[in-house]
Structures are given as C-alpha cells and as structure tokens.
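Here's the letter readout for the chains.
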Amino acid sequence: MADKNMAVGKESEKMKGKQKAGGTYEKLKPYLEQAMALQTALMLFEWDNETLAPKKAGPYTAKVQGALSVLYQDLMAGEPVKSLLSQCQEEEGLTEAERAIVREAVEEKERLECIPPDEYRAFQELVSKSTRIWAKAREGQDFEAFAPTLEKIIFYQKKFAGYRAKKGQKLYDVMLDHYEKGFSMEKLDEFFGLLKKELVPLLHRIQDSGVEVETGFLKGGYPPEKQRELAEYLAEYVGFDFEKGVLSESAHPFTTNLHNHDVRMTTHYKERMDSSLFSVIHESGHAIYEMGVADELTQTLVGQGASMGMHESQSRFFENIVGRDEAFWEPIYPKLQELFPEKLRDVSRKDFVRAVNQVQPGLIRTEADELTYSLHVLIRYELEKQLIEDGLDVEKLPGLWADKYEEYLGIRPQNPAEGVLQDIHWAQGSFGYFPSYALGSAFAAQMAAFMKKSMDFGELLRKGEVKVIRETLRGHIHRFGKLRDSRRLLKDMTGEDFNPQYYVEYLKGKYGELYGIGG
C-alpha cells in the first residue's frame, strides 16, 4: 500500500496530546461531542421505529425526535460553534483528521443555520411520522393515502435546498451534492445515458437468446427460522462481527451505526429464499464498512462512510461481485444443502449459481437482478428530477412510474405497492439519494477490476479467504471514513478517476458468458 494511504495511522499519533496554536480545536471538541450524542440518540429512535417500536408510538416519539433535532440544530448553528469553526479554519497545525472534521462541521453548520428552527423541527417530526404513513399506505396499496404527506416532504426539501443553493445552482443539484459530491445532474445524465445506451440493448439480447434458467427451487419451503440461521452464518462468513453488531428484521432492509463498535442491520425473510440471502450479504457490506472505520475517527463527523455512493459500492461489491460469483459458493454451498435438504439436495452448485444470476426484469428494485438494477435507479432519478425541477404533480407519479417501467423493463406494476410505494426513501425525505445506488455499483466494478489485476480473486473465494479481499477494501477505503471524498478514494486505490466503462464491461462480460451471447 502506498505511503499516502498510511495517513490515518500517522495522523492518530499526531492527535495524541499535540498542542495546537491557541488550542481552538480543543475548545470546539466538547460541542462536537454533544452533537454526536444527540445524533446517536436520533439514530437509536430511527432504528427502534423500524424494528421494535409499537405501532401507536409514532406520533408521540416524533415529538421527542423533533425536540432532539432542534437541540442539534441550535448547537451546530449556534454562535459558539460558528465562532470556533471560523477560528479553526485559520488555525495552523491541525492534523488531516482534524481538518476534515472542521470541514464537515462547517458544511453541517451551513446546512442548518439557513433553516428557521420552527421549519426544521416541523420537518423532522413530519419524516418521523411519514414512514409509518408510507408503510400503512403500501400495505393497503393506497397511494392517495400517502400523497399529501409526500407533497409536504417535497415542499420542505425544495424550500431547504433553496436556502442552501448558491447563485444559479439547481435545487436538485443541491440535494445530489448532499449525498455524493461531484456528481451533479450534468454528470449523472452522462452516466445514466451510458447505462441506458449499453444495458437496455444487452437486456434485449438476453431476452431474445432463448436461454431458460431454472429458478423454481428458490421459492417456497424455506422456513424463516432456517433462513435466519443462514443469514447469521453468511453475515459472519463475509466478516460481520456479532460482538460489534446485531441483525434484526424490518420491512425494508437497512444498516445504521452508532459508532464502529455498534453497527446494526436488518433483513426480511420471504418466500423466495435468495431475497433474504443477498439482502444479508448486501447489508453486511454496509456494516463491514462502518466496522472498518479507524478507531481514531469513530464518533466524530468523519467517523462514517465517505458518501452514499461509496457506501453502496461496498454493499454491492459483497452482494454481487463476491456473493454471486460461483467461486464464493464452492466452500459453503454444502451448508445451504444441509440447512435446506428437501429443496437443495438435488440442486447442483452450478445450477444454484445460475439461478441467482438469472436476468429477469421485475418490479421491485431491492429484488432486481444485477443487470437490470441500475435501470430501476434510472427511473427514480428521472422522476426525482421532474418532481424537483419541473414541478411534477405528485398525483401523476403512479402513472409515470408505470410508464417508465414498461418503457425500460417491459413490465408494468398493477398496484402502487409494487410500483411507486415500494421504497421508503421519499418518506424519509431522501431526495437525491437514489443515484448513489447506481454509482456504487459502478465504483464497485472499478475496484474489482483493479483487485483482479493484483490478486487471484477467484482462488481466494474458492479457498474461503474472503478476509483477504475484505482487508484490502479496509486498507484502501474503510479505515479512512470521510477523511477523503469518494472520487479521491477511488483514484487512490485504482489509480484512475471514476470510469463507468468498467461497470459496463463487467456486466457485458459476465452476462454475455452466462447467456452465451458474447460481450
């Protein structure tokens, strides 16, 4: 590993007891620790809300979350922090980590100080309630029950983006920048344009190939308790540490962290067993990233993943590049047959791997095959742009959603639950988040191309040595947290800036071989 990638260790030594000119940073630290404590409490409420909280708790808990959010805003946008941050920006002798923490604190201060406190609290209470409204609407297949709440969320998000926008900056670009710096609509239009140009024809060629893949054995007859046993086994196999994390259940799988020694993820257990299986490997990728952040950085503003796209690169890397490779299953497929003898005893490893790599356009993003996944993201990106930039009427969303699915994937949802209500993100106010999923897949493919040049990737998987691959990612990506942005981390690791062509070539090569159609 290059010397420049040893910075965290060196910086941690500098951080121990070194006196800075004026000691302003030391005066700032107690405020940042208070902010961290408030954020940790809010994360715990969010976790509880999605996993164990009783249904009728929502409106009452929302008040607590709103009050904590206002305290957080008051702290980060208050005069003491503003003054200390201004001084820290001029202070010499700060370590790389301290400079990064100041940078993140300044950005957070700027994000919060422009929002009136009453509006900020109202929005926090709204999104706390909205996820329950969304869940009930999805269960009842009733978009109209959620639409008024969604309209309010969009209203607030556009208003807040307007407060933060620089002169001439588009509102949706402000939202995108919050999740992935350096990827504006202009750059994303180019990225998604490439995917549309290359992947839609590839999908059509596969559909026209006449190749049939047997997947019937994946459905039914997989008891939830056995699926949970498999989930725990796979999570630990790829590197999830159950002494630092927990696995629970939720309607929409997710991962959250309080710090690098308390990382929490969820999955669900469905009729089709590979849904949970790959959900767990995916969420383990997120969790392993958070567990790998350096101890010197955790519980600070840089003690988490670099960006949403970089985070997604790690989950997609483990789920697809590792988890859907036949070599991964060589040492552990007997475990599956042992857990589910009636279903898998007579299914070969090769047939199992073909089944979990089948290309079959579906309606649900989280259950999409690897090839069509980014087309699901493309649809959401295009609709978000229309909602934020073109003032699209929320009531028109279900129809437009269905039209785009028919255009890109050749299928049409029959109800809102399998259409516009399937994702929780908009209920959480996360506009600008969805593109990160496709970017993460592309980041992962670029990392994999680099790693396959420097190690025998397949042989490591065949030997069950996932740790070597995991520790390579930890050394290049995980331990740096948010010290560096995603594009710098990618360039430091691979020697190149972001290049989506690696993603296209990976998919064309893999599925061309699987379906016998060439790249």
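For the structure itself, consult the block above.
Residues numbered from 1 in each chain as written. Predicted model: local features only at pLDDT ≥ 70, side-chain atom pairs only at ≥ 80, totals over all residues. Heavy atoms only, no water.

Draft legend 1. Spatial organisation of the side chain of Glu382. Mapped onto the fold, Glu382 is located in helix 17 (residues 373-389). When its relative accessible area of 13% is taken as the criterion, Glu382 is described as buried. A polar contact of 2.8 Å, which involves the side chain of Glu382, links it to the side chain of Lys404. With residues up to four places along the chain from it excluded, the contact list for Glu382 reads Lys196, Lys404 and Tyr408. (Helix = DSSP H or I, 4+ residues; strand = E, 2+ residues; numbered from the N terminus. Buried < 20%, exposed > 50% of the residue type's maximum accessible area, 1.4 Å probe, protein only. Polar contact = N/O pair within 3.5 Å; in protein donor to acceptor, adjacent residues only side chain to side chain. Contact = heavy atoms within 4.5 Å.)

Draft legend 2. Region of interest: the nonpolar core. In terms of nonpolar packing, the biggest core is built from 153 residues, with Leu277, Phe317, Phe328, Trp329, Phe352, Leu397 and Trp426 touching the most fellow members. For this core, the element with the most residues is helix 9 (residues 185-208), which contributes eleven residues. For Phe328, the contacting residues outside a window of four places in its chain are Tyr237, Val238, Ile281, Val322, Gly323, Leu461 and Val466. In this structure, Ala235, Phe240, Leu247 and Val263 belong to the second largest nonpolar core, which totals ten residues. (Core = buried A, V, L, I, M, F, W, Y, C linked by side-chain atoms within 4.5 Å.)

Draft legend 3. View of the sheet that holds strand 1 (residues 245-249). The sheet built from three strands is open, its strands ordered 1-3-2 with mixed pairing. The sheet is open, and its two edges are formed by strand 1 and strand 2 (255-259), each paired on a single side. Direction aside, neighbouring strands of the sheet carry axes that sit 20 degrees apart on average. Where helix 11 (residues 273-291) meets the sheet, it contacts strand 1, strand 2 and strand 3 (262-267), and its direction lies at approximately 165 degrees from that of strand 3. (Pairing = 2+ DSSP bridges. Axes fitted to C-alpha atoms, helices over the stretch in contact; angles between N-to-C directions.)

Draft legend 4. Broad picture of the packing of aromatic side chains. Under the defined criterion, the tally for this structure stands at 30 aromatic pairs. Where Phe160 meets Tyr163, the ring centres are 6.4 Å apart and the plane angle is 25 degrees; that geometry is what we call stacked. Of the two residues, Phe160 and Tyr163 are both situated in helix 7 (residues 143-164); the distance of three residues between them amounts to about one turn of the helix. Ring plane angle 80 degrees and centroid distance 5.2 Å describe the contact between Trp329 and Phe352, whose orientation is recorded as edge-to-face. A residue pair is termed long-range when its members are at least 10 positions apart, and Trp329 in helix 13 (residues 326-329) and Phe352 in helix 16 (residues 349-356) qualify at 23 residues. Relative accessible area serves as the criterion here: at 0%, Trp329 is assigned to the buried category. An aromatic cluster is defined as three or more aromatic residues linked by ring pairs; in this entry it consists of Tyr179, Tyr373, Trp401, Tyr405, Trp426, Phe431, Tyr433, Phe434 and Tyr437. (Phe/Tyr/Trp six-rings, centres within 6.5 Å; stacked < 30°, edge-to-face > 60°.)

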